[in-house]
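# Structural characterization, general
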Amino acid sequence: MSAQLSGKVALVTGSTSGIGLGVAEGLAAAGAHVVLNGFGEWQPAAERVRAAGAAHGVRVGYHGADLSKVAEVEALLAHAQAEFGRVDVLVNNAGIQHVAPVEAFPVERWDAVLAINLSAAFHTTRLVLPGMRARNWGRILNVASVHGLVASAKKAAYVAAKHGLLGLTKVTALETARTGVTCNALCPGWVLTPLVQKQVDARAAGDGVDVEAAREALLSEKQPSAAFVTPGQLAALALFLCSDAASEVRGVAWNMDGGWTAQ
Ligand code: NAD
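Residues numbered from 1 in each chain as written. Predicted model: local features only at pLDDT ≥ 70, side-chain atom pairs only at ≥ 80, totals over all residues. Heavy atoms only, no water.

A count of helical and extended segments in the chain gives 8 helices and 7 strands. For the chain, the C-alpha radius of gyration of 18 Å lies close to 18 Å, the compact-globule estimate for 263 residues. Principal-axis analysis of the C-alpha atoms gives the chain an extent of 55 × 35 × 35 Å. Long-range contacts, defined as pairs at least 24 residues apart, comprise 73% of the intrachain contacts of the chain with a sequence gap of at least 6. Roughly 11100 Å² of accessible area belongs to the chain as shown, and the carbon and sulfur atoms make up 57% of that amount. (Helix = DSSP H or I, 4+ residues; strand = E, 2+ residues; numbered from the N terminus. Rg over C-alpha atoms; globule rule 2.2 N^0.38 Å. Contact = heavy atoms within 4.5 Å. Areas by Shrake-Rupley, 256 points an atom, 1.4 Å probe, with all protein chains shown as cover.)

Below, the structure written as C-alpha cells:
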C-alpha cells in the first residue's frame, strides 16, 4: 500500500541528484508538494519532480542551503515554512563520503561528514517536529545506509555518522511514539549515484581496470545480488513508510541492500 500525499509538503535534503531526487519524484507522484535542496544544477531536478507530480499540480521549490552550516539549515526550514506553510514529510538524505584509514583521515573531512550526514538531520528534525506535533501527523525518513548497521574499512566518519543517524532515528521515534508522527531509517546497499560513481572511478584508477570491471568488483565484494539498488525502489519504500499502513512502523532501520547485511 502506498501513500496518498495530496496537499502534503515534503522537504528532501540533497535532492539535486541520486537517491534524494528519486525519492522527491516518488513523493511528487503521490501528490506532495516538494522543497528540493542540494548543490549543483537544481533546475533539471526541479523539472523532473514537477513532471512526476504534474497530474496533481504539485509545486516544487528549492533552497540551496549548505547543510554543514546550522544557520543555513535554519534558513532552509524558514524558507519551506514561508513558501509552503509547513513540512509534513522530512527526508534527511544529503550525504557525503570520504575514504581514508583512521590514522590518515583528514580532520576537516571527519567534521564535514559528521555535520552533513548526522548533525544536519538533528537540526532539521528539531525544527520540523513542533509543526508535525501540532498537526499530529508527520513522517521523518532518515536515509542512513547499510553502513548504519555494519562497517567497512576506510569509512570511519561515514560509518560513525550513519550509526549515529540510526540512534537519532530511534530516539525521535520513541519521543513521538504516542503521536501521528513516525521516524524511520532507510538503509540502502550500493546504489549507482554520483556518490558511488566516484568510488567506482577511484577503484578503476587504483586497480588499473575499466569502469565496468570496477563496478562489478565493488558489487561482488559486498552485495550478494550483484545488482545495484535503484532510487526508484527506495522511493517506493519511502512511500510505504509515509502510508497509513506504516503508521506503527516506528524507529526501524529498513535495509534494501541486495543481501549485504544478511551475510
Ligand atoms: P549523491 O552524491 O548523488 O547526492 C547527494 C546529495 O546531497 C546531492 O544533492 C548533493 O548536492 C547534496 N549535498 C552534498 N553536500 C551537501 C551539503 N553540504 N548541503 C546540502 N546538500 C548537500 O549521493 P547519493 O548516493 O544519492 O546519496 C544520498 C544519500 O544516500 C546519502 O546520505 C548517502 O550516504 C546515502 N546512501 C547512498 C548509497 C549509495 O550507494 N549511493 C548507499 C547507502 C546510503
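For the rest of this paragraph, the subject is unusual backbone geometry. At Asn-136, a residue that is not glycine, the phi angle is positive and equals roughly 55°. Counting through the fold element by element, Asn-136 comes out in the loop between helix H4 (107-135) and strand S5 (138-143). The backbone phi angle of Lys-154 is positive, close to 70°, even though this residue is not glycine. Examined against the element boundaries, Lys-154 turns out to sit in the loop between S5 and helix H5 (156-175).

Right, let's get into the domain arrangement of the chain. Split by domain assignment, the chain resolves into domain 1 (9-189 + 230-256) and domain 2 (190-228). Centre-to-centre separation of domain 1 and domain 2, based on C-alpha positions: 25 Å. With 15 residues of domain 1 in contact, the opposing surface of domain 2 contributes 9 residues. Taken together, the connections running from domain 1 to domain 2 amount to 3 residue pairs in polar contact (both at pLDDT 80 or more). Secondary-structure elements contributing two or more residues to the side of domain 1 that touches domain 2 are helix H1 (18-29) and helix H8 (231-242). Per-element tally for the side of domain 1 that touches domain 2: the top contributor is H8, with 3 residues. Here the residues of the side of domain 1 that touches domain 2 sort into 6 nonpolar, 8 polar and 1 charged. (Domains from an automatic or database assignment. Polar contact = N/O pair within 3.5 Å; in protein donor to acceptor, adjacent residues only side chain to side chain. Nonpolar A, V, L, I, M, F, W, Y, C, P; charged D, E, K, R; others polar.)

Another point: the side chain of Gln-199. Relative to the elements of secondary structure, Gln-199 occurs in helix H6 (residues 194-207). The class for Gln-199 is buried, based on a relative accessible area of 13%. For Gln-199, the residues in contact, after removing those within four places along its chain, are Gln-97, Lys-155 and Trp-190. (Buried < 20%, exposed > 50% of the residue type's maximum accessible area, 1.4 Å probe, protein only.)

Of all residues adjacent to the ligand, which total 30 residues, the nearest are Thr-16, Asn-93, Tyr-158, Val-191 and Thr-193. For the ligand, an oxygen atom lies 2.7 Å from a polar atom in the side chain of Ser-17. Coverage of the ligand by the protein chains reaches 94% of its 820 Å² of free accessible surface. Contributions of two or more residues to the shell around the ligand are made by H1, H5 and H6. Looking at the shell around the ligand element by element, the count peaks at 3 residues for H6. Grouping the constituent residues of the shell around the ligand by class yields 16 nonpolar, 12 polar and 2 charged. Each of domain 1 (9-189 + 230-256) and domain 2 (190-228) gives at least three residues to the shell around the ligand. (Near = heavy atom within 4 Å.)

Here 7 strands make up an open sheet; going across it, the order is S3-S2-S1-S4-S5-S6-S7 and the pairing parallel. Only two strands of the sheet have a single partner each, and these edge strands are strand S3 (60-63) and strand S7 (253-256). When strand polarity is set aside, the average angle formed by the axes of neighbouring strands in this sheet is 20°. Pairing between strand S1 (residues 9-12) and strand S4 (residues 89-92): 3 bridges, direction parallel. By the bridge assignment, Val-12 is partnered in S4 with Val-91. Each of S4, S5 and strand S6 (181-188) touches H4; the most contacted strand, S4, lies at about 170° to it. (Pairing = 2+ DSSP bridges. Axes fitted to C-alpha atoms, helices over the stretch in contact; angles between N-to-C directions.)

We now examine the packing of H1 against H8. Contact geometry of H1 with H8 gives a least axis separation of 8 Å together with a crossing angle of 50°. In terms of their interaxial angle, H1 and H8 are classed as oblique. Note on packing geometry: the crossing formed by H1 with H8 is right-handed. Judged by residue contacts, Gly-18, Ile-19, Gly-22, Val-23, Gly-26 and Leu-27 of H1 engage Pro-231, Leu-234, Ala-235, Ala-238, Leu-239 and Cys-242 from H8. A class-by-class count of the residues in the contact of H1 with H8 yields 9 nonpolar, 3 polar and no charged. (Parallel < 35°, antiparallel > 145°, perpendicular 65-115°, else oblique. Left-handed = near helix turned anticlockwise from the far one by under 90°.)

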